[in-house]
2 protein chains.
Amino acid sequence: MIKTHRVSIITIGDELLIGQVTDSNSARMGQLLSEIGIEVSRKWCVGDEKGEILYAMQEAQVHSDLVLVTGGLGPTKDDITKTVMAEFFGVELQFSELAFQHLKSLLDKYKVEIREMHKHQCNLPSNVEILENKLGTAPGMWAEHQGVNWAFMPGVPYEMEYILQHEVIPKLKSLGYQSKYRQTTIQTAGIGESEIAHRIEPLLIQMPEYIKLAYLPGTAIVRLRLSGIHDEPAILEQEINWYTEIIIHELDTLVLGTGNDNLPKFLGRMLKENGFYIGTAESCTGGLMAHMITSNAGSSEYFKGSVVAYTKEIKQDTLGVNTTIIKQNGVVSEQTVMQMVEGLCQKLGVDLAIASSGIAGPDGGTEEVPVGTIWLAAGNRESTITQKLQLSRDRARNIERASVMGLLLARRWLLENVHFTNK
Amino acid sequence: MIKTHRVSIITIGDELLIGQVTDSNSARMGQLLSEIGIEVSRKWCVGDEKGEILYAMQEAQVHSDLVLVTGGLGPTKDDITKTVMAEFFGVELQFSELAFQHLKSLLDKYKVEIREMHKHQCNLPSNVEILENKLGTAPGMWAEHQGVNWAFMPGVPYEMEYILQHEVIPKLKSLGYQSKYRQTTIQTAGIGESEIAHRIEPLLIQMPEYIKLAYLPGTAIVRLRLSGIHDEPAILEQEINWYTEIIIHELDTLVLGTGNDNLPKFLGRMLKENGFYIGTAESCTGGLMAHMITSNAGSSEYFKGSVVAYTKEIKQDTLGVNTTIIKQNGVVSEQTVMQMVEGLCQKLGVDLAIASSGIAGPDGGTEEVPVGTIWLAAGNRESTITQKLQLSRDRARNIERASVMGLLLARRWLLENVHFTNK
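Remember, it's a predicted structure, so these values are computed and weren't measured experimentally.

How each quantity is defined
- Residues numbered from 1 in each chain as written.
- Chains lettered and ligands numbered in written order.
- Predicted model: local features only at pLDDT ≥ 70, side-chain atom pairs only at ≥ 80, totals over all residues.
- Helix = DSSP H or I, 4+ residues; strand = E, 2+ residues; numbered from the N terminus.
- Buried ≥ 20, exposed ≤ 12 C-beta atoms within 10 Å, placed from the backbone.
- Contact = placed C-beta atoms within 7 Å.
- Nonpolar A, V, L, I, M, F, W, Y, C, P; charged D, E, K, R; others polar.
- Pairing = 2+ DSSP bridges.
- Axes fitted to C-alpha atoms, helices over the stretch in contact; angles between N-to-C directions.
- Parallel < 35°, antiparallel > 145°, perpendicular 65-115°, else oblique.
- Left-handed = near helix turned anticlockwise from the far one by under 90°.
- Least-squares fit on C-alpha atoms with pLDDT ≥ 70 in both.
- Domains from an automatic or database assignment.
- Core = buried A, V, L, I, M, F, W, Y, C linked by C-beta atoms within 7 Å.
- pLDDT = per-residue confidence, 0-100.
- Expected span 1.5 Å × (residues − 1).

1. Focus on the overall build of chain A
Across its full length, chain A holds 15 helices and 17 strands. Seen along its three principal axes, the alpha-carbon backbone of chain A occupies a region of about 80 × 60 × 40 Å. Within the span of chain A, comprising 423 residues, buried residues form 49% of the whole. Considering only contacts in chain A between residues 6 or more positions apart, those separated by 24 or more positions represent 67%.

Structure below.
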């Protein structure tokens, strides 16, 4: 495979190694770079130690022509990246008046007293150019070293993202970083990885070798990525589009859509197109379905509200679930979630409701209703569809999976009950 | 610094490089290993390409005595880890009857037809020992190669975690992996990194050189980690405990607690100790506060329920916010969130409510109420405290930050209004 550029990422921090912090930074970098056609080829993650950082920098210098580094730029003693940079580049640390003026104006704004350690943060390797960080005190830095471009950013995610988007990416574009890489992602739900492979791979026999198909299984969703590198990107795009169409045609309603949108966004689009308002009545999912829906901008155009009903009393008093129904069937039952749907539609005036009730675990089950039993319902006051899940003892996974399945159930209800002009 | 063991992680997958998937696996590995005193020193992340995987394996072989690998073990064509392993170890791939029997029983259980690609999954390098994967079809593998121990696990997070906990960690213990590493984490809220440093560093002047202090800033929370390696772990522990006490004494109520518990867990403990039930009335936080609280097992002992009120009508009809109050002050106002607290306490019968109303963004603000303006309240029908946030245009960050601040506000209300016997 031809790589037009060799791009690497180094993340620095003991907290990443011992897992106190999940490295979302390098994922975000990968996303933003791939959006402009630059593919990351390697990542190193090392601790806050000189020898470790030097190792990663030396490896990256050999294996890359562009290296993005985050972490270790804060004001405190454990942040040693700049010292190591100076040694690696063979230069001195120098007090930067520019960096200090920026820091001063930021600290003044937040009425924070300037301390010695803040000044210390303005000692930068003498060969770097400052990448402005409007959101924090640690400046980003750019350096060119023996033919390799280096960008250094703080580890705070939004500061990293700000500098990457506003400083690094424009710089890369001006330096002519343009790859011959293209990709499309197809998102599917309700079908497993090997079943998809069984159905689509016979249709892809003639797909050119330079296009690769990858399966990315997630929670109840499998994403398929077609990607490739080619000297003539127009041809590449045409071929990828052709095979994307073939896959979508074969998998039909199992396809949520293309691109990187999340499930609630796909669902939101369907709701908006039909002028439907949704709401949720959540027991064991505890508000996650509402959070997933409202995490997307513009969700107020199709979401009205939710009731999280953790107790039996709230299910009865606020959602109007019948006491007898609960007595006869239990709180975790098909009848209960159906009444929760009805109650929510009436209470909040929504056109479509999703309800959940179950034992998220890890404890609390009975012989008849073991941990991981979760009932879902989606519908309105006229028609409701339900689904029973039998999941694991893993609470976080059960809550997440049930929420995703709840949103998928609402999607199914819409597909079955509403006419879609442009599916 | 002495490292008693050199432990590395390799994660494999194009999806990690282009950021379609965030690498939570290596963080979880780091957590579980550090719980038993094993510290990860390096991580490599490479794509699904032979040359790349070989590079990482060669580097890890030189720099480690234990290597954990995840990814590329699935049934589909892009999963090539096993082929590369065979080449690296200098062995052949062999059909494993043991792996096949396990796979068959799993597929039978889920009534999935056995396909050629499933059988293909049972071709393992001939030098490996199988690590049983009770949760999926891809077996884990263990190998010893020229003095280095290798463990291979699938990339699906819960399968990885299952194999790590039930197969790898017992194996490591039996092999005598025991480090001289110890650490403590102190969590603080309501104070910045440099302000903490200013207050505590003068108190730590005599702290032994082998103990390291790291600052881990998060959303409104800064964690401090004291860690070290010492030939006599008992002495190390004693020293770390001593300095932990000094820091806690200095920072007092700014300290949430020690260890890796999350904020809702700390809050939950306070609620439970006092027999308080909490609930949330959420507008712009859209259910995230409820989700954060209910993500902890046992939350039904102190959480009753929530109302997510995205529309004005739900605020009025379900939470009883006065129409005149909204007309005079706007939906995003101190008066509104105070009435939301009152309304929720009355409606759901909770002892303490948190309310939010604001413009999460990225659009929708006005000159008087710009994007990022968020009002929070916490309290009961007798007394309520409020807080106004002026955040960014970043929706996800605003929702997360406001939810964390909401929970912190509830904590402050408890500290101010309830007598704590064992703070």
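2. Observations concerning the environment of B:D394
With respect to the secondary-structure elements, B:D394 resides in the loop between β17 (384–390) and α15 (395–417). B:D394 sits 240 residues away from B:P154 along the chain, and the two C-alpha atoms are 34 Å apart. Excluding its chain neighbours within four sequence positions, the residues that come into contact with B:D394 are A:Y158 and B:G361.

3. A look at the interface of chain B and chain A
Listed by partner, the interface residues are 78 residues for chain B and 78 residues for chain A. Tallied by class, residues from the side of chain B that touches chain A come to 33 nonpolar, 24 polar and 21 charged. Of the strand pairs in this sheet, strand β14 (residues 303–309) of chain A and strand β14 (residues 303–309) of chain B are connected by 5 bridges, and their pairing is antiparallel. By the bridge assignment for β14(B), A:A309 is matched with B:G305.

4. Focus: the sheet that holds strand β10 (residues 211–217) of chain A
Residues and elements named next belong to chain A. Read from one edge to the other, the open sheet built from 4 strands follows the order β10-β11-β9-β12, with strand pairing classed as antiparallel. The open sheet is flanked by β10 and β12 (255–258), the only strands paired with a single partner. Neighbouring strand axes in the sheet, compared pairwise and without regard to direction, differ in orientation by 20° on average. Relative to strand β11 (residues 221–229), β10 runs antiparallel, the two being bridged by 7 bridges. Counterpart to L216 in the pairing with β11 is R223. Packing of helix α9 (residues 233–251) onto the sheet brings it into contact with β9 (181–189), β10, β11 and β12, and relative to β9 it is tilted by some 10°.

5. Section: the packing of helix α2 (residues 25–35) of chain A against helix α7 (residues 157–174) of chain A
Residues and elements named next belong to chain A. Close contact between α2 and α7 brings their axes to 10 Å; oriented N to C, the two are set at 25°. When the axes of α2 and α7 are compared, the pair comes out roughly parallel. For α2 against α7, the interelement crossing comes out right-handed. For the pair α2 and α7, contact is made by N25, R28, M29 and L32 and by P157, M160, E161, L164, Q165 and I169, respectively.

6. A look at the relation of the copies chain B and chain A
For these two chain copies, the linking operation is a rotation about an axis paired with a shift along it. Its rotation angle being 180°, the transformation that places chain B on chain A also includes 0.0 Å of axial translation and leaves an RMSD of 0.0 Å. Expressed as an axis order, the relation between the two copies is that of a two-fold axis. Both copies share a contact surface, since 100% of the interface residues of chain B are interface residues in chain A too.

7. Let's talk about the pairing of strand β7 (residues 140–145) of chain A
Residue and element names in this part refer to chain A. Two elements, strand β6 (residues 129–131) and β7, share 3 bridges in a ladder whose sense is antiparallel. Bridged to E129 within β7 is W142. Inspection of the sheet shows β7 paired to strand β8 (residues 148–153) by 5 bridges, in the antiparallel sense. The residue of β8 that forms the bridge with E144 is N149.

8. Comments concerning the pairing of strand β2 (residues 40–46) of chain B
Across the 7 residues that make up β2(B), a large majority, 7, are buried. Where strand β2 (residues 40–46) of chain A meets β2(B), 5 bridges bridge the pair, whose relative direction is antiparallel. Each residue of the ladder has a partner; that of A:V46, found in β2(B), is B:R42. Pairing between strand β1 (residues 7–12) of chain B and β2(B): 6 bridges, direction parallel. Within the sheet, the bridge partner assigned to B:I10 lies in β2(B) and is B:W44.

9. Let's talk about the domain arrangement of chain A
Considered domain by domain, chain A is made up of domain 1 (7–174), domain 2 (181–258) and domain 3 (263–417). Put simply, the middle of domain 1 of chain A and the middle of domain 2 of chain A, counted by C-alpha atoms, are 35 Å apart.

10. Re the sheet that holds strand β10 (residues 211–217) of chain B
All names here are of chain B. What the 4 strands build is an open sheet, ordered β10-β11-β9-β12; its pairing is antiparallel. At either end of the open sheet lies a strand with only one pairing partner, and these are β10 and β12 (255–258). Within the sheet, the average angular offset between the axes of one strand and its neighbour, ignoring direction, is 20°. Where strand β9 (residues 181–189) and β12 come together, 3 bridges link them in antiparallel fashion. Among the inter-strand pairings, I186 is bridged to a residue of β12, identified as T258.

11. Some remarks on unusual backbone geometry
Residues and elements named next belong to chain A. In this chain, G361 is followed by P362 through a cis amide linkage whose omega measures 5°. Topologically, P362 is positioned in the loop between β15 (352–358) and β16 (373–379). A positive phi angle is found at A220, which is not glycine, with a value near 65°. For A220, the position within the fold is in the loop between β10 and β11. Among the residues examined, A220 registers 18 C-beta atoms within 10 Å and is labelled partly exposed. Unlike most non-glycine residues, D252 shows phi in positive territory, near 50°. If you trace the backbone, D252 turns up in the loop between α9 and β12. D252 sits in the exposed class, given 8 other C-beta atoms within 10 Å.

12. Here we look at helix α2 (residues 25–35) of chain B
Taken together, the buried positions of α2(B) are occupied by B:N25, B:S26, B:A27, B:M29, B:G30, B:L33 and B:S34. Packed against the buried residues of α2(B) are α1 (14–17) of chain A together with β1, β2, β3 (66–70), α7 (157–174) and β9 of chain B. In the stretch just after α2(B), B:G37 is the one whose phi turns positive, near 80°.

13. Things to note about the nonpolar core
Of all hydrophobic cores here, the largest spans 232 residues; its most connected members are A:L344 and B:L344. Look past the residues within four positions of B:L344 in its chain and what remains in contact with it is B:G279, B:A281, B:V307, B:L319, B:V350, B:A353 and B:A355.

14. Description of the confidence of the model for chain A
Parts of the model with low pLDDT should not have their predicted coordinates read in detail. Of the residues in chain A, 97% have a pLDDT of 70 or more, and the chain-wide mean is 92. Interface predicted TM-score (ipTM) for the complex: 0.84; the corresponding pTM is 0.84.

15. Here we look at the packing of helix α10 (residues 263–273) of chain A against helix α15 (residues 395–417) of chain A
All names here are of chain A. Relative to each other, α10 and α15 sit at 25°, their axes nearing to 10 Å. Taken together, α10 and α15 sit at an angle that is classed as roughly parallel. Crossing hand, α10 versus α15: left-handed. For the pair formed by α10 and α15, the contact residues are L263, P264, L267 and M270 on the first element and V404, L407, A410, R411 and L414 on the second. Split into classes, the residues belonging to the contact of α10 with α15 amount to 8 nonpolar, no polar and 1 charged.

16. Thoughts on helix α14 (residues 334–348) of chain A
One full turn of an α-helix is made of 3.6 residues, so residues set three or four places apart face in the same direction. Residue and element names in this part refer to chain A. Over its 15 residues, α14 extends 21 Å from the first C-alpha to the last, a length consistent with the 21 Å expected when each residue adds 1.5 Å. Extensive coverage of α14 is indicated by the burial of 11 of its 15 residues. Considered for burial, the residues of α14 that qualify are T336, V337, Q339, M340, V341, E342, G343, L344, C345, K347 and L348. One or two positions beyond α14, positive phi appears at G349, with a value near 65°.

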